[in-house]
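Residue-level listing of the chains:
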Amino acid sequence: QVQLVGSGGGLVQAGGSLRLSCAASGSIFKINSMGWYRQAPGKQRELVAAITSGGSTNYADSVKGRFTISRDAAKNTVYLQMNSLKPEATAVYYCNAHITVALTTIYEDDYWGQGTQVTVSS
């Protein structure tokens, strides 16, 4: 009923930048929040950044001042601008959205994108 499609990952040298995008589509009544998580090999998935429908943002301490999350409400799309990348940022990045869905009933649920690899070389 809802799909999240992420893009923008890749290989970059330390100090470089990447921009991730994630678009939501389907039977969306309201997007309550969207965010990005990441999972490095052998580690648990962790929150990187999130943004609410009201525009409030939340960042992991490790990325504050270097990463910026933003959204285009008209396109149901969230972006993550990552600057001054460090090798420890290497991970699979997953888009997440908490969405109110309107089908035969209205309900809220969490959705995940397919993941996009970000590799930062030293």
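Structure's up top.
Enquirer: Just give me the short version of the state of the cysteines, but keep the residues and values in it.
Expert: Evaluation of the coordinates by the stated rule reveals 1 disulfide. Between Cys-22 and Cys-95 runs a disulfide, and the two sulfur atoms are separated by 2.1 Å. Its torsion about the S-S bond being -85°, the disulfide of Cys-22 and Cys-95 is classed as left-handed. Of this pair, Cys-22 sits in strand 3 (residues 18–26) while Cys-95 sits in strand 9 (residues 91–102), placing them 73 residues apart in sequence. Across the pair, exposure class does not vary: Cys-22 and Cys-95 are buried alike.

Enquirer: Just give me the short version of the environment of Cys-95, but keep the residues and values in it.
Expert: Using a relative accessible area of 2% as the deciding quantity, one classes Cys-95 as buried. Here the alpha-carbon distance between Cys-95 and Val-5, two residues 90 residues apart in the chain, equals 7.9 Å. Non-local contacts of Cys-95, meaning those with residues more than four positions away in its chain, are made with Leu-4, Cys-22, Met-34, Gly-35, Trp-36, Val-78, Tyr-111, Trp-112 and Gly-113.

Enquirer: Any chance you could break down the side chain of Thr-77 for me, citing the residues and the numbers?
Expert: With respect to the secondary-structure elements, Thr-77 resides in strand 8 (residues 77–82). Side-chain polar atoms of Thr-77 contact the backbone oxygen of Lys-75, separated by 2.8 Å. Beyond its immediate chain neighbours, meaning those up to four positions away, Thr-77 contacts Cys-22, Ala-23, Met-34, Ser-70, Arg-71 and Asp-72.

Enquirer: Could you give an account of the pairing of strand 9, naming the residues involved and the relevant values?
Expert: Strand 9 sits mainly inside the fold: 9 of its 12 residues count as buried. Here strand 4 (residues 28–39) runs beside strand 9; their pairing, made up of 10 bridges, is antiparallel. From the neighbouring strand, Met-34 faces strand 9, where its bridge partner is Ala-97. Of the pairings in the sheet, the one linking strand 9 to strand 11 (residues 116–121) comprises 3 bridges and is antiparallel in character. Bridge assignment links Ala-91 to a residue of strand 11, and that residue is Val-118. For strand 9 and strand 10 (residues 106–112), the ladder comprises 7 bridges, and the chain directions are antiparallel. Bridging from a neighbouring strand, Thr-100 pairs with Glu-108 of strand 10. Two successive antiparallel strands, strand 9 and strand 10, enclose a turn made up of 3 residues.

Enquirer: Could you give me a rundown of the nonpolar core, with the residues and numbers involved?
Expert: In terms of nonpolar packing, the biggest core is built from 33 residues, with Met-34, Trp-36, Leu-80, Met-82 and Tyr-93 touching the most fellow members. Here this core gets 6 residues from one element, more than from any other, and that element is strand 9. Setting aside chain neighbours within four positions, we find Leu-80 in contact with Leu-18, Arg-19, Leu-20, Trp-36, Val-48, Ala-49, Phe-67, Thr-68, Ile-69 and Tyr-93.

Reading guide: rules and limits
- Residues numbered from 1 in each chain as written.
- Predicted model: local features only at pLDDT ≥ 70, side-chain atom pairs only at ≥ 80, totals over all residues.
- Heavy atoms only, no water.
- Disulfide = S-S within 2.5 Å.
- Helix = DSSP H or I, 4+ residues; strand = E, 2+ residues; numbered from the N terminus.
- Buried < 20%, exposed > 50% of the residue type's maximum accessible area, 1.4 Å probe, protein only.
- Contact = heavy atoms within 4.5 Å.
- Polar contact = N/O pair within 3.5 Å; in protein donor to acceptor, adjacent residues only side chain to side chain.
- Pairing = 2+ DSSP bridges.
- Core = buried A, V, L, I, M, F, W, Y, C linked by side-chain atoms within 4.5 Å.

Read these as spatial facts, not as claims about activity.
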